[in-house]
Amino acid sequence: MSDPASPSYYERHIFFCLNQRTGEPCCADHRAQEAFDRCKQQVKARGLAGPGKVRVNKAGCLDRCAAGPVAVVYPEAVWYTYVDANDIDEIVESHLEKGEVVERLLTPPHLGR
């Protein structure tokens, strides 16, 4: 078991829901793959990727379909709903790089599946 006081392998971890549903709303229908690709590219371009820094990951259903498309940043457990590349760039610059939550993109807490 690791020491809880020791630093995490990554400072921040962002997960993008890329789930595809048939006949139901889903993040994949809202260009989630493009957003994931954009985030990964921006994180690398800014030198934020790697151990002790940021990890960008794909996820299956995060069960927040009604708010989609969604991404969540840990360890802060901050949920974002985004629309376009500009939103992704703002999340990367503000939250992943500077640690500042992008308030305007927060997923409303009551929106689930």
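Throughout what follows, the structure given in this document is the object of discussion. As the structure is a prediction and not an experimental result, all values here were calculated from the model.

### What to know about the packing of aromatic side chains
Phase 1: For the structure shown, the criterion picks out 4 aromatic pairs.
Phase 2: Arranged with centres 6.2 Å apart and planes meeting at 70°, the rings of Phe 15 and Tyr 74 form a pair that is edge-to-face. Of this pair, Phe 15 sits in strand β1 (residues 12–17) while Tyr 74 sits in strand β3 (residues 70–74), and the two are 59 residues apart along the sequence.
Phase 3: Its relative accessible area of 23% is what places Phe 15 among the partly exposed residues.
Phase 4: On the basis of an interplanar angle of 65° and a centroid distance of 5.7 Å, the ring pair of Phe 16 and Tyr 82 is categorised as edge-to-face. Residue Phe 16 is found in strand β1, and its partner Tyr 82 is found in the loop between β4 (78–81) and α2 (85–97); the two are separated by 66 residues along the sequence.
Phase 5: These aromatic residues form a ring-pair network of at least three members: Phe 16, Phe 36 and Tyr 82.
Phase 6: In this arrangement the basic side chain of Arg 64 is found over the ring face of Trp 79, its NZ or CZ atom lying 4.8 Å from the centre.

### Considering the pairing of β1
Phase 1: With respect to burial, β1 is a largely interior element, 5 of its 6 residues being buried.
Phase 2: With 6 bridges connecting them, β1 and strand β2 (residues 54–59) associate as parallel partners. Bridging across to β2, Phe 15 finds its partner in Asn 57.
Phase 3: Bridge count for β1 against β3 is 4 bridges, and the pairing is antiparallel. Each bridged residue has a counterpart across the sheet, and for Ile 14 the counterpart in β3 is Val 73.

### Topic: the nonpolar core
Phase 1: Counting residues in each nonpolar core, the largest one holds 28 residues, and the members touching the most others are Ile 14, Phe 16, Cys 39, Val 43, Val 56 and Leu 96.
Phase 2: For this core, the secondary structure elements donating two or more residues are β1, α1 (32–45), β2, β3, β4 and α2.
Phase 3: It is α1 that provides the largest number of residues to this core, a total of 5 residues.
Phase 4: Not counting the four nearest positions on each side in its chain, Val 43 is found in contact with Leu 48, Ala 49, Val 54, Val 56, Val 92 and Leu 96.

### Considering the packing of α1 against α2
Phase 1: Remark: α1 packs on α2, axes separated minimally by 9 Å, with the N-to-C direction vectors making an angle of 40°. What the angle tells us is that α1 and α2 run oblique. Relative to α2, α1 is oriented so that their crossing is right-handed. Between α1, through Ala 35, Arg 38, Cys 39, Gln 42 and Val 43, and α2, the contact on the second element is made entirely by Ala 85, Ile 88, Asp 89, Val 92 and Leu 96.
Phase 2: Looking at the contact of α1 with α2 residue by residue, the class counts come to 7 nonpolar, 1 polar and 2 charged.

### Considering the environment of Asn 57
Phase 1: Turning to its location among the elements, Asn 57 is positioned in strand β2.
Phase 2: You can call Asn 57 buried: its relative accessible area is 19%.
Phase 3: A C-alpha to C-alpha distance of 8.4 Å links Asn 57 and Lys 40, two positions 17 residues apart in sequence.
Phase 4: Setting aside its immediate chain neighbours within four residues, Asn 57 contacts His 13, Ile 14, Phe 15, Phe 16 and Phe 36.
Phase 5: At a separation of 3.2 Å, a polar atom in the side chain of Asn 57 contacts the side chain of Arg 55.

Reading guide: rules and limits
Residues numbered from 1 in each chain as written. Predicted model: local features only at pLDDT ≥ 70, side-chain atom pairs only at ≥ 80, totals over all residues. Heavy atoms only, no water. Phe/Tyr/Trp six-rings, centres within 6.5 Å; stacked < 30°, edge-to-face > 60°. Helix = DSSP H or I, 4+ residues; strand = E, 2+ residues; numbered from the N terminus. Buried < 20%, exposed > 50% of the residue type's maximum accessible area, 1.4 Å probe, protein only. Lys NZ or Arg CZ within 6 Å of the ring centre and 35° of its normal. Pairing = 2+ DSSP bridges. Core = buried A, V, L, I, M, F, W, Y, C linked by side-chain atoms within 4.5 Å. Contact = heavy atoms within 4.5 Å. Axes fitted to C-alpha atoms, helices over the stretch in contact; angles between N-to-C directions. Parallel < 35°, antiparallel > 145°, perpendicular 65-115°, else oblique. Left-handed = near helix turned anticlockwise from the far one by under 90°. Nonpolar A, V, L, I, M, F, W, Y, C, P; charged D, E, K, R; others polar. Polar contact = N/O pair within 3.5 Å; in protein donor to acceptor, adjacent residues only side chain to side chain.

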